[in-house]
Amino acid sequence: MLVVNVVSLITIKEKSTEEILEDVDIKYILRCILRLSPTEVEIYYLLQNKAKEPLTVAEIAKEMNKSRSTIERSLVKLVQLGLIARRPVLAKNGGYTYVYYTKPIDYVKQKLLQLINAYYEKSKQLIENLTSAALIESLNSMATEEEPDNGSN
């Protein structure tokens, strides 16, 4: 069952398109379109803007004060998305380790533009095909997904 919270209409102000777009920046696009976590955005920012050279997992973890496993999971996603790349280097104690670096900005821009265009077309199609029944069904499925399972049936 969909539960709707009633809010005083006096406190609600309809936002204009301009007000909604005020919050859109590149971090918003990275989070929204690519579904990056704040940690993944922070790693990308570190590699793009602060790092003078490619960094290892350990160096990134130390710089960000996060666990290696958190950094490794984030790096896998960023590599899969094509925002960053890695290459092996000879480790100090022998063997190899990987260093991570951002892809060229023109490549990233093209990838983001392709995704934005695909997102726009998909969103437009969904909205054009929207009916009251489809909206209610979608809201009901969202409410069902968010309800905690307390063990009662």
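Residues numbered from 1 in each chain as written. Predicted model: local features only at pLDDT ≥ 70, side-chain atom pairs only at ≥ 80, totals over all residues. Heavy atoms only, no water.

> Any chance you could explain the pairing of strand β1 (residues 84-90) here in plain terms?
Within a regular beta strand, the side chains point alternately toward one face of the sheet and then the other, so they alternate between its two faces. In this structure, β1 lies alongside strand β2 (residues 96-102), joined through 7 bridges in antiparallel fashion. Bridge pairing in β2 links Ile-84 to Thr-102. Connecting the antiparallel pair β1 and β2 is a turn made up of 5 residues, with Gly-94 showing a positive phi of about 95°. (Pairing = 2+ DSSP bridges. Helix = DSSP H or I, 4+ residues; strand = E, 2+ residues; numbered from the N terminus.)

> Mind showing me how you'd approach the packing of helix α4 (residues 57-64) against helix α5 (residues 68-81) here?
Each pair of packed helices can be summarised by the angle the axes make with each other and by the distance between the axes. Close contact between α4 and α5 brings their axes to 9 Å; oriented N to C, the two are set at 115°. Between α4 and α5, the angle is such that the two are roughly perpendicular. Crossing geometry of α4 relative to α5 is assigned as right-handed. Contacts between α4 and α5 involve Val-57, Ala-58, Ile-60, Ala-61 and Met-64 from the former and Arg-68, Ile-71, Glu-72 and Leu-75 from the latter. For the contact of α4 with α5, the residue count by class is 7 nonpolar, no polar and 2 charged. (Axes fitted to C-alpha atoms, helices over the stretch in contact; angles between N-to-C directions. Parallel < 35°, antiparallel > 145°, perpendicular 65-115°, else oblique. Left-handed = near helix turned anticlockwise from the far one by under 90°. Contact = heavy atoms within 4.5 Å. Nonpolar A, V, L, I, M, F, W, Y, C, P; charged D, E, K, R; others polar.)

> What is the right way to read a nonpolar patch on the surface from this model?
Taken together, the side chains of Ile-20, Leu-21, Val-24 and Tyr-28 present a nonpolar region at the surface, about 350 Å² in accessible area. Along the chain, Val-24 turns up in the loop between α1 (17-21) and α2 (26-33). The partly exposed category is assigned to Val-24, whose relative accessible area is 36%. (Patch = residues over 30% accessible without salt bridge, like charges linked within 9 Å, V, L, I, M, F, W, Y side chains within 5 Å. Areas by Shrake-Rupley, 256 points an atom, 1.4 Å probe, with all protein chains shown as cover. Salt bridge = Lys/Arg side-chain N within 4 Å of Asp/Glu carboxyl O. Buried < 20%, exposed > 50% of the residue type's maximum accessible area, 1.4 Å probe, protein only.)

> Explanation requested: α2 in the structure shown.
Note: α-helices contain 3.6 residues per turn, so residues at a spacing of three or four share the same orientation. Measuring from the backbone nitrogen of Lys-27 back to the side-chain oxygen at the start of α2 gives 3.2 Å, which picks out Asp-25 as the cap. Of the residues trailing α2, Arg-35 is marked for its positive phi of about 55°. (Polar contact = N/O pair within 3.5 Å; in protein donor to acceptor, adjacent residues only side chain to side chain.)

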